[in-house]
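Analysis of the macromolecular model
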Amino acid sequence: MSRAFDVVAIRKEFPILSRQVNGKPLVYLDNAASAQKPDAVIDAIANQCRTSYANVHRGIHTLSNETTEAYEAGREAARDFLNAQSVANIIFTKGATEGINLVASSLAGTIHAGEEIVLSVMEHHSNIVPWHFLRERHGAVLRWVGLNDDGSLDMDAMRAAIGPKTRMVAISHMSNVLGTVNDVAEVGRLAHAAGARVLVDGCQAAVHLSVDVQALGCDWYVFSGHKLYGPTGIGILCGTDEALAEARPYQGGGEMIETVSMDRITYNEAPHKFEAGTPPILEAIGLGAAIRWFQQFEPSDVHAHEQKLYERARESLRGINGLTVHGEAPGKGSVLAFSLQGTHPHDLAQILDRYGVAIRAGHHCAQPLMTHLGVSATARASFGIYNTEAEVDIFIDALEKARGMLV
Ligand SMILES: Cc1ncc(COP(=O)(O)O)c(C=O)c1O
């Protein structure tokens, strides 16, 4: 049975939310960059350190076995969260960025000059730069798919871009700027029909949508723990058996091998084959705790709560003269990027900080998207599970004050 959604009770589990910033209660609206941590996560890491900590997989002693059990429970939590077939499909990485780099670098040995990687204009740099490496170093060609005016993906352009030369389609499930939710299942069907693989960047979607990698049919799915109320330094790369079998190991070292001699090596099975060295043990345990905490709630309750906050903010922004919201695609998630005529986003963010309101300003690691929008930067408010309608009102009030000062 799911836990009833009660934002007041939820907030009490996040110690940081009771602090003040510049003499005002913290209003944290930078969740798309990184989310705050509940007691369940803080305690899981601290308790592991206090009561049972050792390196994993290698020991026969009790502490090593206990730590391995807690660490592998994190993997099972991630498997369950994504509905992956097996824990063998779940690779722990440092974050989404490392997961995408792993996949891109594993293509380095087999991609040929002129073969194509299809990307959308709304991608985060971490889903662009690793593919640029393949362009620079191996002659791969990047094919860009544009957007419709409302910020939705141009699916006709996607259909036209995917062809016999396509090796990979790399696409975000939900944009960290526009909030657009992409039909990645359809993109996957198009990629597979052309004999290509599809990688889905789920950094934002994992937090705001229910994800079922088997239903989506993607070859690779990545996300970062720190946006999902978990620790930094941990992410998940989920690959199908076929994709994992095709991929070469990314880094070499302990754990990823079966045998090592002076003239040859043999590899361990997935997922260990892709996890060289001592892994992020405490981070994986913390991510497991974050997922189990998050799974207490009905995804539709979390979604409805966040959408209510988004709609309230969006409605209030309509009343502000000179304000443009970037991204109005139907079904978009609770990310609100905006520009206010006559102001720089950094100035807005700085003034809002004086009122305790944390928003982000900048290019959001999405410079091709900024070029598409014709701006160099935007302001962005992004909502999470613990935000409230009262906080939305404080944000809007602070924004109006900032406008009064700057325009
Ligand atoms: C859509 C998207 N992809 C990738 C990333 C990169 O995540 P990380 O820096 O945790 O690896 C982010 C982070 O902002 C993101 O929002």
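Residues take numbers from 1 onward in each chain, read along the sequence in its written order. Only residues with pLDDT of 70 or above have their local features reported here, since the model is predicted, and side-chain atom pairs are shown and tallied only from 80 upward, although totals for entire chains, interfaces and linings are computed over all residues. No hydrogens and no water enter the side-chain calculation; it runs on all heavy atoms of the structure.

This next bit is on empty space enclosed by the protein. The way it works is a 1 Å grid over only the protein atoms, where trapped points that fit a 1.4 Å probe form a cavity and open points with protein on both sides within 12 Å along at least five of seven lines form a pocket, and then any residue with an atom within 4 Å of a point lines it. Grid points are joined across faces, edges and corners, and a volume is the space filled by probe spheres set on the points. Using the criterion set out here, one finds two cavities of 30 Å³ or more in the structure. In this structure, the largest cavity occupies an estimated 50 Å³ of space. In this structure, the largest cavity is lined by Asn31, Ala32, Ala35, Gln204, Val207, His208, Lys227, Tyr229, Ser382, Phe383 and Gly384. Tallied by class, residues from the lining of the largest cavity come to five nonpolar, five polar and one charged. Boundary definitions for the domains trace back to an automatic or database domain assignment. No fewer than three residues from each of domain 1 (7-30 + 298-406) and domain 2 (44-294) sit in the lining of the largest cavity. When its volume is computed, the second largest cavity comes out at roughly 30 Å³. Taken together, His57, Tyr71, Glu255, His272, Glu275 and Pro279 make up the lining of the second largest cavity. Basically, the charged four are Asp, Glu, Lys and Arg, the nonpolar ten are Ala, Val, Leu, Ile, Met, Phe, Trp, Tyr, Cys and Pro, and anything else, Gly included, counts as polar.

Moving on, we get to the nonpolar core. Ranked by internal contacts, the top residues of the largest apolar core, which has 70 residues, are Leu82, Met158, Tyr221 and Ile385. Counting from the N terminus, the helices are DSSP H or I runs at least four residues long and the strands are E runs at least two residues long. Top contributing element to this core by residue count: helix α11 (residues 281-294), with seven residues. Composition of this core by domain shows at least three residues from each of domain 1 (7-30 + 298-406) and domain 2 (44-294). Between two residues, a contact is recorded if the distance between any of their heavy atoms is within 4.5 Å. The residues contacting Met158, other than those within four sequence positions of it, are Val118, Val145, Leu153, Val169, Ile171, Val187 and Leu190. Each nonpolar core is a collection of buried residues, namely Ala, Val, Leu, Ile, Met, Phe, Trp, Tyr and Cys, held together in the definition by side-chain atoms within 4.5 Å. Only protein chains enter the accessibility calculation, which uses a 1.4 Å probe. A residue is then buried if its area is under 20% of the maximum for its type, exposed if over 50%, and partly exposed in between. Grouped together as the second largest cluster of nonpolar side chains are 28 residues, Ala313, Leu323, Leu336 and Leu352 included.

Two strands pair if DSSP finds at least two bridges between them. Spatially, β4-β10-β9-β8-β7-β5-β6 is the arrangement adopted by the seven strands of the open sheet, whose pairing is mixed. Of all the strands in the sheet, the pair left with one neighbour each is β4 (90-93) and β6 (141-145). Neighbour-to-neighbour, the strand axes of this sheet turn through a mean angle of 20°, independent of strand direction. Where β4 meets strand β10 (residues 235-239), four bridges bridge the pair, whose relative direction is antiparallel. Each residue of the ladder has a partner; that of Thr93, found in β10, is Gly235. Of the strands in this sheet, β5 (116-120), β6, β7 (166-172) and β8 (197-201) touch helix α5 (residues 129-138), which is tilted by about 140° from β6. Where helix α7 (residues 184-193) meets the sheet, it contacts β7 and β8, and its direction lies at approximately 160° from that of β8. A fitted line through C-alpha atoms serves as each axis, taken over the contacting stretch for helices, and the angle formed by two N-to-C directions is quoted from 0 to 180°.

Our focus in this paragraph is the site of the ligand. The environment of the ligand is formed by Ala96, Thr97, His124, Ser126, Asn176, Asp201, Cys203, Gln204, Ser224, His226 and Lys227. For this analysis, a polar contact is any N or O atom pair within 3.5 Å, provided that within protein one partner can donate a hydrogen and the other can accept it, and provided that sequence-adjacent residues contribute only side-chain to side-chain pairs. Contacts to the ligand include Ser224, whose side-chain N or O atom sits 2.6 Å from an oxygen atom. Contact distances for the ligand include 2.7 Å between an oxygen atom and a side-chain N or O atom of His226. If the ligand stood free it would expose 400 Å²; the protein chains cover 85% of that surface. Residue composition of the shell around the ligand, by class: two nonpolar, seven polar and two charged. Any residue with at least one heavy atom within 4 Å of a molecule or strand is counted as near it. For accessible areas, the Shrake-Rupley method is used with a probe of radius 1.4 Å. Any residue's cover is judged against the shown protein chains and nothing else.

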